[in-house]
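# Architecture and fold: a report
This is what each chain is made of:
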Amino acid sequence: MTRPAARGGSRASADRLARLLNLVPYLLARPGIEIAEAADDLGVTERQLREDLELLWVCGLPGYGPGDLIDMAFDGDRVTITYDAGIDRPLRLTPDEALALVVALRMLAETPGVTNREAVERALAKIEDAAGDLVGAPVEVRLPADTRRVEALRAAVEGGRALRITYYTAARDETTERTIDPLRMLMVGGRAYVEAWCRRVEAVRLFRADRIDAVTELDEPAVVPPQARPHDLTDGVFRPSPDLPLITLRVGRGERWITEYYPCERVEAGDGDHWLVSLRVTDLAWARRFVLGLGPDVTVVAPAELAEQVRAAATAALDAYASPAPAARQGAPDAAAAPPAADPAVAAGPR
């Protein structure tokens, strides 16, 4: 088995949802249209259109039984919508639907990086006005983050002020002081970031809001050099490239989740239930901490340098457990004695 890691899944799903929502009214207005003509109009291949039509068979109203689902009739290569499941009826929100929509819009209004917050708030006001008592009491939404820090960063971006931050870099496990010139706030993968020109490295960098330990707004404007360009974050924050270290791991069934969570270059079936997984990493120091946190069902295959670093770290951890505590030397109960050390060569590292 060899397969590439799936990328841009959420974006592809959103694109398909938009096509499906457009497809039903399009077909309703053109009964008996040829599939080839419809595909050309909609900018998709015939194969993709047929797959979308197959998906429409199982779309419809709650209940999802006879009379609830969208229905179509095919005559050779022509298609006609025979039942639209009420998609052309005016939208009537239930109390739960109205509340869910209000919460979603309020969260969007609080999300860093939303460029037109006024449009979101106007839409929210219209829905609340139309829903009336359906939404019940006012709803306040807070993102799961340090709200004051995010607001401070947002204010600096909007005010065009430079910042001095204390930042923790997880890849190198170090904390540094930096002066940055903010470009924008954004939300990626549920986390708030400030993208800025970092004067320390003289390049554009992304700083996670929850890793900024301290922030001070300076009494000077942000000065972004002309060569500074925002990152393309379409496929996420991390962008694997050939110049980054490539690691190969042997993973058991319980750790296969990493192939869905991280962009992998190669996934192959190994012996038994194990897979051989190859992926790019920022550096081997990050990879060492990553592997040590995965547990005993993961083994480093390559590079040898990473395997040795993991072995050394696992050995040091096991030695710490094997050394008797001071209380034990003074006659502490046997229950306090450390467990026997395992062989660190067997697994990538302890949980």
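In this convention, every chain numbers its residues from 1, walking through the sequence in written order. Per-residue local features are limited, in this predicted model, to residues with pLDDT of at least 70; the limit for side-chain atom pairs, both in listing and counting, is 80 or more; totals at the level of whole chains, interfaces and linings are taken over all residues. Derived side-chain values reflect all non-hydrogen atoms in the structure, with water molecules and hydrogen atoms excluded from consideration.

Any two rings among Phe, Tyr and Trp, with Trp reduced to its six-membered ring, count as a pair given centres within 6.5 Å; such a pair is stacked if its planes are under 30 degrees apart, edge-to-face if over 60, and tilted if neither. All chains considered together, the criterion is met by 5 aromatic pairs. Centroid distance Tyr167 to Phe207: 5.0 Å. Interplanar angle 85°. Geometry classified as edge-to-face. Placement of Tyr167 in strand β4 (residues 161–169) and of Phe207 in strand β7 (residues 203–208) is noted, with a sequence separation of 40 residues between them. In this pair, the class of Tyr167 matches that of Phe207, namely buried. The secondary structure listing takes helices from DSSP runs of H or I that are at least 4 residues long and strands from runs of E that are at least 2 residues long, numbered from the N terminus. When accessible area is computed with a 1.4 Å probe and restricted to protein chains, residues below 20% of their type maximum are described as buried, those above 50% as exposed, and intermediate ones as partly exposed.

Below, the discussion takes up the environment of Val298. Mapped onto the fold, Val298 is located in strand β12 (residues 298–302). What makes Val298 buried here is its relative accessible area of 0%. In this structure the C-alpha to C-alpha distance between Val298 and Gly252, which are 46 residues apart in sequence, comes to 6.5 Å.

Bringing the nonpolar core into the picture now. One finds Ile247, Leu249, Val251, Val277, Val291 and Leu306 to be the most contacted residues of the largest nonpolar core, which totals 21 residues. Breaking this core down by element, the ones donating at least two residues are β9 (246–251), β10 (264–269), β11 (275–280), α8 (284–292), β12 and α9 (304–322). When checking whether two residues touch, look at their non-hydrogen atoms; a contact exists if any pair is within 4.5 Å. Discounting chain neighbours no more than four positions away, the residues touching Val251 are Ile258, Asp273, His274, Trp275, Val277, Asp297 and Val298. Of all hydrophobic cores here, the second largest spans 18 residues; its members include Leu23, Tyr26, Leu27 and Ile35. By convention a nonpolar core is built from buried Ala, Val, Leu, Ile, Met, Phe, Trp, Tyr and Cys residues, the set being connected through side-chain atoms within 4.5 Å.

On to the packing of α8 against α9. Here, axes are lines fitted to C-alpha atoms. For helices the fit covers the stretch in contact, and angles between N-to-C directions go from 0 to 180 degrees. The contact between α8 and α9 brings their axes to 10 Å, and the two run at 55°. If you check the angle between α8 and α9, you find them oblique. When the axes of α8 and α9 are compared, the crossing they make is right-handed. Residues Leu284, Ala287, Arg288, Val291 and Leu292 of α8 lie in contact with α9, whose contacting residues are Glu305, Leu306, Gln309, Val310, Ala313 and Ala314. Partitioning the contact of α8 with α9 into residue classes produces 8 nonpolar, 1 polar and 2 charged. Relative orientations are named as follows: roughly parallel for angles under 35 degrees, roughly antiparallel for angles over 145 degrees, roughly perpendicular for angles from 65 to 115 degrees, and oblique for any other angle. By convention the crossing between two helices is left-handed if the near helix lies anticlockwise of the far one by an angle smaller than a right angle, and right-handed if it lies clockwise. Charged means Asp, Glu, Lys or Arg here, nonpolar means Ala, Val, Leu, Ile, Met, Phe, Trp, Tyr, Cys or Pro, and polar covers whatever is left, Gly included.

Attention now moves to the environment of Leu21. On the secondary structure map, Leu21 appears in helix α1 (residues 9–28). Each C-alpha atom, one on Leu21 and one on Ile87, is 9.1 Å from the other, the two residues being 66 residues apart in sequence.

Further remarks concern α9. The end-to-end C-alpha distance of α9 is 26 Å, a good match for the 27 Å that 19 residues give at a rise of 1.5 Å each. Taken residue by residue, α9 has Leu306, Val310 and Ala314 as its buried positions. All buried residues of α9 lie within an arc of 60° about the axis, which places them on one face of the element. Buried residues along α9 sit in contact with β9, α8 and β12. What a helix is expected to span follows from its residue count: subtract one and scale by 1.5 Å. When we speak of the arc, we mean the arc of directions from the helix axis to the C-beta atoms.

This brings us to the pattern of salt bridges. Two side chains with opposite charge may pair up if their charged atoms get near one another. In the sections that follow, a salt bridge refers to a side-chain nitrogen of Lys or Arg positioned within 4 Å of a carboxyl oxygen of Asp or Glu. In this structure the tally under the stated criterion is 14 salt bridges. Between Arg19 and Asp52 there is a salt bridge, with the nearest N and O atoms lying 2.9 Å from each other. Of this pair, Arg19 sits in helix α1 while Asp52 sits in helix α3 (residues 46–56), and the two are 33 residues apart along the sequence. Accessibility expressed as a relative area gives 25% for Arg19, which makes it partly exposed. In this structure, Asp77 engages Arg50 in a salt bridge whose closest nitrogen and oxygen atoms are separated by 3.2 Å. Taken together, the positions of Asp77 in the loop between β2 (71–75) and β3 (78–83) and Arg50 in helix α3 put the pair 27 residues apart, joining distant regions of the chain. Given a relative accessible area of 33%, Arg50 falls into the partly exposed group. Overlapping salt bridges, with partners in common, bring together Arg161, Glu217 and Asp219 in one network.

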